[in-house]
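A look at the structure
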Amino acid sequence: MLKKMNFKHFIYALYATVCLSFTSCKEQATIAEAKKLTISEGFENPLGFYDKMPTFSWQLPVSEGVLSQSAYQIVVASSPDLLPDHADLWNSKKQQTAQSTWIKYEGAALQSRQKVYWQVKYWNQDKQASKWSEINHFELGLLNNNDWKAKWIGLDTKKEKVLGSQNNIIHRPQYLRKGFKLSNDVASARLYITAKGVFDVAINGKDVSDDVMPPGYTPYKERIETITYDVTNLIEPGENTVGVEVAAGWHSGRLGWMESYWSDTETPKMLFQLELIMKDGSKEMILSDDTWKGTTSGPIRVSEIYDGETYDANLEMPNWTTTKFDDKTWESVKTFPVTEDIRLEPKRHTTVKSKIELATKAIIEKDGTAIFDFQQNMVGVPLLKVPMKKGQTLKVRFAEKLSPDGSFYTENYRSAESTNYYTASKDGVIEWMPKFTFHGFQYVELSGFDTSKKPSKDWVTGLVQYSDFEENGTFTSSHEKLNQLQSNIVWGLRGNFFDIPTDCPQRDERMGWTADAQVFAPASMFNADVYKFWASWMQSVRESQSDNGAIPWVVPDVLFNNKVSAGWGDACTIIPWKIYLKTGDKEILEENFETMKGWVKYHESVTKNNISSMGFFADWLQPLPENGDNKGDTSKSLIGTAFFAHSANLTAKTAKALGKTEEFKKYNAIYKTVANAFENKFFENGKVKDVAETQTSYLLALAFGLLSEEHKANAKKHLLRKIAEADNHLRTGFLGTPLLYEVLDATGEIDLMYKLLFNETYPSWFYSINQGATTIWERWNSYSKKDGFNAQKMNSLNHYAYGAIGEWMYERIAGIAPLEAGYKTIRIAPVPKEPLTSSSASLNTPYGNVSSSWEIKGSDFKLEVVVPPNTTAKVVILANTKQALLLNDTNFKDNSNVKLTNTDKDAFVLEVQPGTYSFQSKLK
Ligand code: BGC
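Residue numbers restart at each chain and count upward from 1, following the sequence in its written direction. pLDDT decides what is reported in this predicted model: residues at 70 or higher carry local features, side-chain atom pairs at 80 or more are listed and counted, and totals for whole chains, interfaces and linings draw on all residues regardless. Only hydrogens and water are set aside; all other atoms, that is, all heavy atoms of the structure, feed into the side-chain values.

Examining the nonpolar core
Ranked by internal contacts, the top residues of the largest apolar core, which has 208 residues, are Leu446, Leu485, Trp534, Trp765 and Phe919. The numbering of helices and of strands both runs from the N terminus, where a helix is a DSSP run of H or I of at least 4 residues and a strand a run of E of at least 2. The greatest single-element share of this core, amounting to 11 residues, is contributed by helix H8 (residues 636-657). With near-sequence residues (within four places) excluded, leucine 446 lies in contact with Gly368, Thr369, Ala370, Phe372, Leu384, Val386, Leu394, Lys395, Val396, Trp459 and Val460. Nonpolar cores were defined as sets of buried Ala, Val, Leu, Ile, Met, Phe, Trp, Tyr and Cys residues, with membership established by side-chain atoms within 4.5 Å. Remark: exposure states derive from per-residue accessible area (1.4 Å probe, protein chains only) relative to the maximum for the residue type, with buried under 20%, exposed over 50%, and partly exposed in between. In terms of nonpolar packing, the next biggest core, distinct from the first, is built from 30 residues, Val186, Val231, Val244 and Met270 among them. Any pair of residues with heavy atoms lying within 4.5 Å of one another is described as a contacting pair.

Have a look at this one:
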């Protein structure tokens, strides 16, 4: 063998042998492997994945000797056995870069169904190689319509002409089933499934998943999501049965406000493709086709998102999803071809699930009814275990709050009946939860149960349902009400991330209102792992854009009214840009760039001399409007022009980040021109002219950079005057509120921002907390102990928009903000102020966990920070800088991990390498 080797090979072989036996060799894998491998927007080992050109990300471990990455290598293969040395799909080779996130796959083209394995290794700052990471994997779903061999199937659910609460057509839920026989044992089975409607599937009597109302809610005329399940363990040798329940859901149920918008033209349908690989290597497919049978005579009689579900246990069909059932009385289904016009694509974020169980905290009994109180406003369904007598019908009503006289407050559900009925088929304790509806509530009222039994707390459990994401950060402080506000923000998030970002979860809306989304998206990114959730909804936004560039009020656009509103449609520029800042992933910018350009063009089309006439909801729900209007006092034209400039600016920034120089110049020029026109039209020497002078008009001008340099100070003075005139209270609605903290912070008015945040009186964040809020309310005064409910029916008690403040709480009170997109450099600069004595936050960034935790004791200020590997932090420590700074209890001196870069009058500024540190300074 030696003979065949040339000298060079011989030396390599010798080197390799020596390397294996001596730890000092450079290429020896001595350092800990990369962790938390994910693909695209943060998917871990997904099944039924949507993206055949994924990106790869990983985190360096928190481990001795690992500060940063100097290089990486990714290997991708069609089988784990080929890794790491024989990667047949892609070998990135060693790339000298610190980049450890969003690396684009550049290997062989991937196909529907393909299972892909990958791992990564990195080299640290000293060029030492890590071990190879664990092998991760993903499996693609069906990527193209022509992968579907199945047909849409369903029954004629309109023929009974059942009418709903608004005389809308109700489609009876359908039960569809098929039996089949396998001659061989199965090695692996994948179910690809979706519905025009929502579905629940079982195989051989067992639930396939605990997904709630899949496939979810997209612009159905454009795209329907498909779901992939691994059902290998549910398939039996020989006889098998599959059963699918299908209800109208968002597809063919009533949605929106006006009759003509209800989707009463198409009956719900289901698409089913079970692909089996048998132990002998052969393949079989079970498809939805004309061999299936169905009935609408099952126990779920009616199910409506707004109105609720009706269940009759007398109509239960035991074992209908098993072979032990005779379907001879069932009808044959109708079939419909899969067409090209509606794209079928694997779901690109997680399905809704029951995530939390809330126990009943108190029961109020009244005239044969029992009201169960969770002491927390929530969204989902109740799990009922209630004693009943045969033939009784249980009525289940919901409310977010009780009226002061103890009665159920349901006016704010408007036309949503939000009521469930359950008819018992025998005496005993029933166990039931509705399947194809959801409710926003704190209270559940039961009537029609066995009144010989005393209502007990275990009769009702609240199942909290939302898209299946995990929490991403924590925030806490020494102040009870601030902590309650944080809790209310998180509950607002849980309540309104039901597959799409909704305005509210309870009344006859629950729609993807675009302004609400853009205002709350940044705060949501701190609190939950929702990048995929937003990226997915942004796809729906793109699909909902008209040819002229208009972005509708709600996405999916169930209002179909082609109407736009400034600050609403701008979700298409604001959300991608904010997400980019939080993730560093340019893909979100690439995906949305054309949409942004289209929207700027639309803005342009409704301007004259660069002044906008777009208008519409304006600074929605501004408190104490002088004109008494929900749209507030700020000029619509001023708002429209401001958002035109802002969207042009964000489009310019996006172009720059994407390296599109010409487009950057173009959109930056539009921004400048519009800003100029804005200032000339609405301002003189920094003071609003000719239109109502409001806090929001100044906030828009300052936050969006629309004033010339020499007038900014004046504008700020006028803003402060407006706030002072309001007795140091906010007067901002949906659009102005998130700009309040941005502007006051950027202009050094942090004391004032603290004042506004800690105000107890109306209008303020704590006002609702003082009135007992456990979620964020739609209005600053939705309810008061003194005056009761706001007289308007549009009065949701679970509306996340004002929870936008959560962004500032993380970024400035606790102090964690990205200095560079994606937290490659982090700013840890808390602004501790009275009445707080401590606060802390932690956040999972793309590089790992960062945390900041401070405490003031007397004149001592203590700050503990954790900086994740492969990042650097700029840490700003409040101090009387004439006094010493301590690091880990000893006098601070510059070292390789921490360098003092600046000493201000009242702060030390440090550059900090990854690690855990405890700083201490003197405030006086
Ligand atoms: C919704 C919103 C939305 C608004 C538009 C309301 O009915 O609940 O939050 O943004 O309409 O003005």
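That was the structure; now back to the text.
A closer look at the site of the ligand
A single heavy atom is enough: if one lies within 4 Å of a molecule or strand, its residue is considered near that molecule or strand. All residues adjacent to the ligand are Asp503, Arg507, Glu509, Trp513, Asp516, Trp568, Phe617, Trp620, Phe734, Glu778, Met794 and His799. In the model, an oxygen atom of the ligand is placed 2.5 Å from a nitrogen or oxygen of the arginine 507 side chain. Distance and chemistry together define a polar contact, namely a pair of N or O atoms within 3.5 Å, with one atom able to donate a hydrogen and the other to accept it when in protein, and with adjacent residues in sequence counting only for side-chain atoms on both sides. Tryptophan 568 is positioned such that a nitrogen or oxygen atom in its side chain is 3.2 Å from an oxygen atom of the ligand. Classifying every residue of the shell around the ligand gives six nonpolar, one polar and five charged. When residue character is reported, Ala, Val, Leu, Ile, Met, Phe, Trp, Tyr, Cys and Pro are called nonpolar, Asp, Glu, Lys and Arg charged, and the others, Gly included, polar.

Some thoughts on unusual backbone geometry
A cis amide bond links tyrosine 762 with the next residue in sequence, proline 763, at an omega value of -10°. Of note, proline 763 is situated in the loop between helix H13 (750-758) and helix H14 (765-770). With omega at 5°, the peptide bond leading from glutamate 834 into proline 835 counts as cis. Considering the arrangement of structural elements, one finds proline 835 in the loop between strand E46 (825-828) and strand E47 (838-845). With a phi angle near 50°, asparagine 685 is a residue other than glycine that sits in the positive phi range. Following the sequence through the fold, asparagine 685 ends up in the loop between strand E41 (683-684) and strand E42 (687-688). Overall, the relative accessible area of 48% leaves asparagine 685 in the partly exposed class. The backbone phi angle of asparagine 870 is positive, close to 70°, even though this residue is not glycine. Among the structural elements, asparagine 870 can be located in the loop between strand E49 (860-867) and strand E50 (872-878). For asparagine 870, a relative accessible area of 2% translates into the label buried.

So, the pattern of salt bridges
Any Lys or Arg side-chain nitrogen located within 4 Å of an Asp or Glu carboxyl oxygen qualifies as a salt bridge. For the structure on display, the rule yields 59 salt bridges. With a shortest N-O distance of 4.0 Å, glutamate 225 and arginine 223 are connected by a salt bridge. Judged by relative accessible area, arginine 223 falls into the buried class, the value being 1%. Between lysine 833 and aspartate 751 there is a salt bridge, with the nearest N and O atoms lying 3.2 Å from each other. In this pair, lysine 833 is assigned in the loop between E46 and E47 and aspartate 751 in helix H13, connecting sequence segments 82 residues apart. A relative accessible area of 53% places aspartate 751 in the exposed class. One network of salt bridges, in which partners are shared, links Arg223, Glu225, Arg343, Glu345, Lys347, Asp499 and Glu543.

Examining helix H4 (residues 514-527)
Expected helix span is computed as 1.5 Å times (number of residues minus one). Compared with an ideal rise of 1.5 Å per residue, which puts 14 residues at 20 Å, H4 spans 20 Å between its outermost C-alpha atoms and is within 8% of the ideal. Bend is computed residue by residue as the angle between axes fitted to the seven residues ending at the residue and the seven residues starting at it. The largest bend in H4 amounts to roughly 50° and is located at alanine 521, with the proline proline 522 lying one to four residues further along. Burial within H4 is extensive, with 14 of its 14 residues counted as buried.

Focus on the sheet that holds strand E8 (residues 136-140)
A pair of strands is labelled paired if DSSP reports no fewer than 2 bridges between them. Read across the open sheet, the five strands follow the order E2-E8-E7-E4-E5; overall the sheet is mixed. The strands lining the two open edges of the sheet, one partner per strand, are strand E2 (47-49) and strand E5 (90-91). With eight bridges connecting them, strand E4 (residues 69-77) and strand E7 (residues 115-124) associate as antiparallel partners. Bridging from a neighbouring strand, alanine 77 pairs with tyrosine 117 of E7.

Things to note about the sheet that holds strand E17 (residues 238-247)
Read from one edge to the other, the open sheet built from six strands follows the order E15-E14-E17-E12-E20-E23, with strand pairing classed as antiparallel. The open sheet has two edge strands with one neighbour each: strand E15 (206-207) and strand E23 (331-332). With three bridges joining them, strand E12 (residues 174-182) and strand E20 (residues 293-295) adopt antiparallel strand pairing. Of the residues in E20, the one forming a bridge with tyrosine 175 is threonine 295.

Overview of helix H15 (residues 806-814)
Because the α-helix completes a turn every 3.6 residues, residues three or four places apart line up on one side. Most of H15 is tucked away, with nine of its nine residues classed as buried. One or two positions beyond H15, positive phi appears at glycine 815, with a value near 105°.

Some thoughts on the pairing of strand E27 (residues 362-366)
Here five bridges tie E27 to strand E28 (residues 369-388), and the two strands are oriented antiparallel to one another. Residue pairing in the sheet places glutamate 365 in a bridge with alanine 370 of E28. Counted along the chain from E27 to the antiparallel partner E28, the turn is two residues long, and its residue aspartate 367 has a positive phi close to 40°.

Here we look at the side chain of arginine 779
Turning to its location among the elements, arginine 779 is positioned in the loop between H14 and strand E43 (783-784). Here the positive residues are Lys and Arg and the negative ones are Asp and Glu; neither His nor the chain ends is included. Buried charge without a partner: arginine 779 forms no salt bridge, and the closest opposite charge is glutamate 778, 5.0 Å away. Within the structure, arginine 779 has its side chain in polar contact with the backbone oxygen of methionine 794 (distance 2.9 Å). Beyond its immediate stretch of four places on either side in the chain, arginine 779 contacts Leu621, Asn630, Asn790, Gln792, Met794, Asn795 and Tyr802.

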